[in-house]
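Survey of secondary and tertiary structure
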Amino acid sequence: MTQLLEPDTAGAPVSFGDLEIGEIALDLDDQDPEDVIAWGLETFGDRIAIVTALQKDGMAILDMAVKIKPDVRVITVDTGRLPQETYAFVDEAREHYPQTRWEVLFPDASEVEAMVQRRGVNLFRNSVEERMLCCQIRKVRPLVKALRGLDAWFTGLRRDQWASRAAIQKVQLDHDHEGIVKINALADWEGDEVDAYLEANGVPVHPLYAQGYTSIGCAPCTRPIESGENDRAGRWWWETGAPKECGIHCPIETGSFEHEAEAIFAAAERKHQQ
Ligand code: SF4
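Structure report, in brief. (Residues numbered from 1 in each chain as written. Predicted model: local features only at pLDDT ≥ 70, side-chain atom pairs only at ≥ 80, totals over all residues. Heavy atoms only, no water.)

This part covers a negative patch on the surface. Taken together, the side chains of Glu20, Glu23, Asp27, Asp30, Asp32, Glu34 and Asp35 make up a negatively charged region of the molecular surface. Secondary-structure elements contributing two or more residues to the negative patch are α1 (18-28) and α2 (33-44). Note that Asp35 resides in helix α2. Take Asp35: its relative accessible area is 36%, and that puts it in the partly exposed class. (Patch = residues over 30% accessible without salt bridge, like charges linked within 9 Å, V, L, I, M, F, W, Y side chains within 5 Å. Areas by Shrake-Rupley, 256 points an atom, 1.4 Å probe, with all protein chains shown as cover. Salt bridge = Lys/Arg side-chain N within 4 Å of Asp/Glu carboxyl O. Lys, Arg positive; Asp, Glu negative; His and termini not counted. Charge placed at Lys NZ, Arg CZ, Asp CG, Glu CD. Helix = DSSP H or I, 4+ residues; strand = E, 2+ residues; numbered from the N terminus. Buried < 20%, exposed > 50% of the residue type's maximum accessible area, 1.4 Å probe, protein only.)

Below, the structure is given as structure tokens:
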């Protein structure tokens, strides 16, 4: 089902320093998303990929990129806890953009096994730290490994989504991921602009939006929002005072669970060596 790439065979590496990327960011900040995406594709070739959970913003980025580079690379993570609708929608998106090259990432099975044995299958209900631990193992770690093979990535982040995203640039160095370039081409768009783009361009939309969802992640951690709630309010809705982030877009400490993560990684490593 999945066409896999060898990331380190995708061309010569391209990197930028802080000053250089700052100047580029200034130039691109008032450009349309399509122009920002074109810059990314032209600059990084096959060493850039769209990283998406197939939400509306990611689909808009994908549609814009395909119009410039039909075989653009797309990376998504199957955490093992996704809604059935997402699995079906991955196939729909791939069929809609038949030349795109998809990489579906999976968490390390031994790490998931060790985590579930130690904390239970639904550990994310116990505490914010355990939720972040689950996100680390099921989502962040597979993505971090994939990002190591890239020089840049496209995200669907927007400034209006949550306080933790209010200061993002359209182009920035991602110091959380070895200084590769992160391109947030929709940074200054609002939700209704994304909706208008999707409709005008006949872009497929994840079916859960029609059921009141406004942000879509794992099945047990996402619900439709109530009237007047922020678009990301349906993510980990039982938590209070915690960022609506999994940890891939901003560093999140698992606090007292650092040692628990280490124990899980050690158990997984022992399993790998058996
Ligand atoms: Fe685990 Fe929930 Fe995070 Fe998915 S969203 S990785 S199930 S805590």
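Another point: the environment of Leu28. When you line up the elements, Leu28 lands in helix α1. On the basis of relative accessibility, which here comes to 10%, the residue Leu28 falls in the buried class. Put simply, Leu28 and Trp39 are 11 residues apart on the chain and 8.9 Å apart in space, counted from C-alpha to C-alpha. Those residues in contact with Leu28, other than ones at most four positions away along the chain, are Val36, Trp39, Lys170 and Val171. (Contact = heavy atoms within 4.5 Å.)

This part covers helix α8 (residues 258-273). With 16 residues, α8 extends 23 Å from end C-alpha to end C-alpha; this agrees with the ideal 22 Å at 1.5 Å per step. Those residues of α8 that fall on the buried side of the exposure criterion are Glu260, Ala261, Ile264 and Ala268. Relative to the axis of α8, the buried residues are bounded by an arc of 100° and lie together on one face. Relative to its buried face, α8 has exposed residues pointing more than 90 degrees away, namely His259, Arg270 and Gln273. Each element contacted by the buried residues of α8 is listed here: α5 (109-119) and α6 (128-147). (Expected span 1.5 Å × (residues − 1). Arc of directions from axis to C-beta.)

Okay, the side chain of Lys182 next. Of note, Lys182 is situated in strand β6 (residues 180-183). No salt bridge is formed by the buried Lys182; the nearest opposite charge belongs to Asp174, separated by 4.5 Å. Discounting residues that sit within four places of it in the chain, Lys182 has contacts with Trp153, Thr155, Leu157, Lys170, Val171, Gln172, Asp174 and His249.

Ranked by size, the top nonpolar core spans 40 residues in total, and within it Trp39, Met59, Leu62, Val171, Val181 and Ile183 carry the most contacts. When residues of this core are assigned to their parent elements, the largest contribution, seven residues, is made by helix α3 (residues 56-68). Apart from residues lying up to four places away in sequence, Trp39 is in contact with Phe16, Ile21, Ile24, Leu28, Phe44, Val171 and Ile183. Formed by 28 residues, the second largest nonpolar core is a distinct cluster that contains Leu105, Val112, Ala146 and Phe257. (Core = buried A, V, L, I, M, F, W, Y, C linked by side-chain atoms within 4.5 Å.)

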